[in-house]
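# Structural overview
Next come the chains, spelled out residue by residue.
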Amino acid sequence: MATDAPPPSKTDPQLPSTEKFVEMQESAEFGELRRSYRSFAFPVTIGFIAWYLLYVLLSNYAGGFMGTKVLGNINVALLLGLAQFLTTFLIAWWYARYSAANLDPKGEAIKSRMEGGE
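Residues numbered from 1 in each chain as written. Predicted model: local features only at pLDDT ≥ 70, side-chain atom pairs only at ≥ 80, totals over all residues. Heavy atoms only, no water.

What follows concerns a nonpolar patch on the surface. Side chains of Val 70, Leu 71, Ile 74, Leu 78, Leu 79, Leu 82, Phe 85 and Phe 89 sit close together on the surface and give an oily, nonpolar patch of about 800 Å² of accessible area. Only β1 (69–71) and α4 (76–116) provide two or more residues apiece to the nonpolar patch. By residue number, the principal contributor to the nonpolar patch is α4, which donates five residues. Assignment of secondary structure puts Phe 85 in helix α4. (Patch = residues over 30% accessible without salt bridge, like charges linked within 9 Å, V, L, I, M, F, W, Y side chains within 5 Å. Areas by Shrake-Rupley, 256 points an atom, 1.4 Å probe, with all protein chains shown as cover. Salt bridge = Lys/Arg side-chain N within 4 Å of Asp/Glu carboxyl O. Helix = DSSP H or I, 4+ residues; strand = E, 2+ residues; numbered from the N terminus.)

The structure is reproduced here in structure tokens:
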């Protein structure tokens, strides 16, 4: 089985000291990485929880609306329930793209600097 990844290095990366970890954690670069993550994760999480709670509340208190038939035996509740799954996969895809473009490069730069001793 061929892969594009190089074989693992025979030498272990240099592990940084506790002081270096603390210094990096307090750096502006790490703060920017943390802000980038939070600026995506918090709003999307809040939005998804609100969307989920709306579905639950509608299921409990708006039975007539949720039971409205849309096409054959397919009702609003089924469509909204399936939309929950679709939303989950879309958020995962969106996060993977966001992370690859915005978080991974910053994280790799920090990691290489910490392991390389630069």
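Looking now at the pattern of salt bridges. Counting across every chain of the model gives three salt bridges. Across the pair Glu 29 and Arg 113 runs a salt bridge, and its minimum N-O distance is 2.3 Å. Of the two residues, Glu 29 sits in helix α2 (residues 28–61) while Arg 113 sits in helix α4, which places them 84 residues apart along the sequence. Across the pair Arg 35 and Glu 32 runs a salt bridge, and its minimum N-O distance is 3.5 Å. Within this pair, Arg 35 and its partner Glu 32 are both found in helix α2, separated by three residues, close to a single helical turn.

Before going further, it helps to examine α2. The first and last C-alpha atoms of α2 sit 48 Å apart over 34 residues, in line with the 50 Å expected at 1.5 Å per residue. Along its length, α2 shows its largest kink, about 25 degrees, at Arg 38. Along α2, the residues classified as buried are Gly 31, Leu 33, Ser 36, Phe 40, Ala 41 and Val 44. Packed against the buried residues of α2 are α4. (Expected span 1.5 Å × (residues − 1). Bend = angle between axes of the 7 residues up to and from the residue. Buried < 20%, exposed > 50% of the residue type's maximum accessible area, 1.4 Å probe, protein only. Contact = heavy atoms within 4.5 Å.)

Scope: geometric values only; no functional claims are made or implied.
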